Structure formats: structure tokens, C-alpha cells
Amino acid sequence: MEIKSTEKVAGGTLKRVEHASESTKTKMVFSIFIPGSALGAPSKTGWPVIYWLSGLTCDDTNFSQKSGAFQYAANQGVAIVVPDTSPRGTEVPNDEAYDFGQGAGFYVNAT
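Definitions and limits used
- Residues numbered from 1 in each chain as written.
- Predicted model: local features only at pLDDT ≥ 70, side-chain atom pairs only at ≥ 80, totals over all residues.
- Heavy atoms only, no water.
- Core = buried A, V, L, I, M, F, W, Y, C linked by side-chain atoms within 4.5 Å.
- Buried < 20%, exposed > 50% of the residue type's maximum accessible area, 1.4 Å probe, protein only.
- Helix = DSSP H or I, 4+ residues; strand = E, 2+ residues; numbered from the N terminus.
- Contact = heavy atoms within 4.5 Å.
- Pairing = 2+ DSSP bridges.

Caption draft 1: Here's a closer look at the nonpolar core. Leu14, Phe33, Phe63, Ala69, Phe70, Ala73, Ala74, Val78, Ile80 and Val82 together form the largest nonpolar core, which totals 10 residues. Of all the elements in the fold, those that place two or more residues in this core are α2 (70-76) and β5 (79-83). Of the residues forming this core, the biggest block, three residues, is contributed by α2. In contact with Val82, other than residues within four places in its own chain, are Phe30, Ser31, Trp52, Asp60 and Phe63.

Take a look at the structure:
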């Protein structure tokens, strides 16, 4: 895994992480918002997490830039994980249609 960026947001931290995906056989990206209340604080039970799956052709930055959810999540002590559900890059077969190929995702094997 490689941390691509780290930003301070709503008293917490938003990280963008790239990893090798076994399912897609490509590099994939996800963002994770960690509220300030969870930073550096161990928990025996963990923290609540929301997983946001964006729509067709959107990536993790779409949610991060447009949702306005981080302040609410920070106030509630909730982490948010936002995977880019679409394989991207030149190694991914493409199609002229926007709904198939690079940047198109259908949540197959999203876990």
C-alpha cells in the first residue's frame, strides 16, 4: 500500500491510499476519513465506519469533494471509507460505451 495524500479535514484526517487489488489485477485507490477522536486513541471495540460506494464512473474524490459529510462524521466519531470501485489505467480493457471498461464499476467483488 502507498499513501498518495494526507489532508486535515474537519478535525480529522483524510488519506488517499493506493493498493494492489487481487480481484481486478490492477492498482486501486480508496480514501479513508479518520475522525480526530479516533486518531491515536486505541479502542477495544473499534469505531463505527460508513462505506460509501460511488456511482458509475465516479471515483473516491467525487464523494470527498462534493458530499460535505466529514464534519458530520467527525461530530459523531465515525470513520468513512470511500473506495474507487472502478478499475482504471491503460492495462484495463476499454470500451467506447461509458458504462463498460476503464472507469466503469458494478460492485463486483467489492468486498
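Caption draft 2: Highlighting the side chain of Ser31. In this fold, Ser31 is placed in strand β3 (residues 27-34). Apart from the residues lying within four places of it in its own chain, the contact partners of Ser31 are Leu14, Lys15, Arg16, Asp60, Ser64, Ile80, Val81 and Val82.

Caption draft 3: Geometry of the pairing of β3. Both strand β2 (residues 12-20) and β3 contribute to a ladder of eight bridges, which runs antiparallel. Note on β3: the bridge partner recorded for Ala20 is Lys27. Between the end of β2 and the start of β3, which pair antiparallel, lie six residues, with Lys25 showing a positive phi angle near 60°. Taken together, the four bridges between β3 and β5 define a ladder with antiparallel strand orientation. Note that in β5 the partner of Ser31 across the bridge is Val82.

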